[in-house]
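Observations on the model geometry
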Amino acid sequence: MKRAGIFGAGLMVVLLAQPVAAQSLNTSEGDAPAERTQMKPIGSEQGFADWLAGFRPRAVAAGIAPDVLDRALAQARFDPKIVERDRNQSEFTKTIWDYLDTAVSEDRIRHGQRALAQHGALLSRIEADYGVDRHVVAAIWGLESAYGSFRGDIPTIGALATLAYDARRAAFFEAELMAALKIIGNGDVTPQAMRGSWAGAMGHTQFMPSSWWAHAVDFDGDGRRDVWSDDPADALASAAAYLRHWGWTSGAPWGLEVRLPDGFDYDQTTERVKKPVAEWQALGVVPMAGGVLPDHGLASVLLPGGARGAAFLIFSNFQVIERYNTADAYVIAVGHLADRLRGGPAIAASWPRELRALSLAERMELQERLGAAGFDPQGVDGRIGPNTIAAVKAFQRAGGMVPDGYASLEILQALR
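Procedures and definitions
- Residues numbered from 1 in each chain as written.
- Predicted model: local features only at pLDDT ≥ 70, side-chain atom pairs only at ≥ 80, totals over all residues.
- Heavy atoms only, no water.
- Core = buried A, V, L, I, M, F, W, Y, C linked by side-chain atoms within 4.5 Å.
- Buried < 20%, exposed > 50% of the residue type's maximum accessible area, 1.4 Å probe, protein only.
- Contact = heavy atoms within 4.5 Å.
- Salt bridge = Lys/Arg side-chain N within 4 Å of Asp/Glu carboxyl O.
- Helix = DSSP H or I, 4+ residues; strand = E, 2+ residues; numbered from the N terminus.
- Axes fitted to C-alpha atoms, helices over the stretch in contact; angles between N-to-C directions.
- Parallel < 35°, antiparallel > 145°, perpendicular 65-115°, else oblique.
- Left-handed = near helix turned anticlockwise from the far one by under 90°.
- Pairing = 2+ DSSP bridges.

Quick look at the nonpolar core
- Among the nonpolar cores identified, the biggest contains 98 residues, and Phe55, Leu100, Tyr130, Ile157, Met194 and Leu243 are the most heavily contacted of them.
- In contact with leucine 100, not counting residues within four places along its chain, are Ser105, Ala329, Ile332, Ala333, Ile347 and Trp351.
- Listed in part, the 16 residues of the second largest apolar core include Val258, Tyr266, Trp280 and Val301.

Shown next, in the form of structure tokens:
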């Protein structure tokens, strides 16, 4: 989740997918100019021990019992590999089509259909109670933990303490560590059983501790909100509760693949442009599968792979899934996997597979050169979000190119 803090395998989508939307875990791209600061050296065991000694009185002051601290922190160890992963994550990128090849593979679809068959009654009850499409809940489960097969085995307390000790995002991770310790104090899980990803996300649907407090539910009625065990009931219901909280519209799709007419104004292809479905129909937008566009309120046309790739008409449920992860690639993967799980077709349009993803250094160079050319991306941070896309569109318009906003190597070379 992008603002409340869920990011397990979903975080990996941000890391692996071609950046096509705001991707910071807690802020939108372009909110402020990015600072370029030199990373401090990765810490040490002694430094970590000193940090724990200073953390303990802050935790007690926050209401965490000393015996909980004794139990939870006894096995906490500094893990420099976690710090390295956190600092280097933005180097790992793939194009959206390469990501979708894996995220919505035939193997993942097959395993998802098996999970739906095995847990169909549970997912149907969750859908009835929360109004969230069971196929979407299953798709999130599939992307976050491969339907519970890969929930993570890193001790959460140690991971969060390591990241809280590191200076890069210390305040964020210390708050998550406090939340995790309070979960243990609440009796929902033991320190030994609290395991998950390297970044502290936990369970079948990879909740961060703060999101557990805000949205986890005891769906099976055993008195605990247990997202860690083999039984996925509480975790899946919690994911549905989260989506409902952020405004899921029951019975509405996330979006659908569409065909754009010749001569279409590609400057209209952005999440910031919302029109009634009737207006998109009047412009010649039609479903790729045929028929007429479904009307579920205001909608936008999205081109995650540029004008040479697939086009999607997206509705408000797209933005709700974005609350789980800000990357458009993740949202499209969840939505398309859900569609495939219910028997829908594969994406019909081709992708520009001859293009490669830009590296972090190239994305930052792109932003620098856009700004120097008079097309301000509102910061140089390597995140290709709405402001950078708008700057690319402006540059494309000025150069007589199709203004699809796609940050490609071709655009960087043109700026050079």
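Remarks on the pattern of salt bridges
- Under the criterion given, the structure shown has 21 salt bridges.
- Between glutamate 362 and arginine 356 there is a salt bridge whose closest N-O contact spans 2.7 Å.
- Overall, glutamate 362 belongs to the buried group, its relative accessible area being 12%.
- The salt bridge partner of glutamate 365 is arginine 416, with a shortest N-O separation of 2.9 Å. With glutamate 365 in helix α16 (residues 360–372) and arginine 416 in the segment after α18 (409–415), the pair connects residues that are 51 residues apart, well separated along the chain.
- Linked through salt bridges whose partners overlap, the residues forming this network are Asp86, Arg168 and Arg169.

Quick word on the packing of helix α2 (residues 45–61) against helix α10 (residues 170–186)
- Running from N to C, α2 and α10 point in directions that differ by 60 degrees, and their axes come no closer than 12 Å. Comparing their axes, α10 and α2 come out oblique. α10 is crossed by α2, and the crossing has right-handed handedness. Across from Trp51, Phe55, Arg58 and Ala59 in α2, the residues of α10 making contact are Glu174, Leu177, Met178 and Leu181.

A look at the sheet that holds strand β6 (residues 311–314)
- Strand order in this open sheet of 4 strands is β4-β3-β6-β5, and the pairing throughout is antiparallel. At either end of the open sheet lies a strand with only one pairing partner, and these are β4 (286–287) and β5 (300–302).
- Here strand β3 (residues 255–259) pairs with β4 via 2 bridges, running antiparallel. From the neighbouring strand, valine 258 faces β4, where its bridge partner is proline 287.

Distances and angles like these do not, on their own, reveal function.
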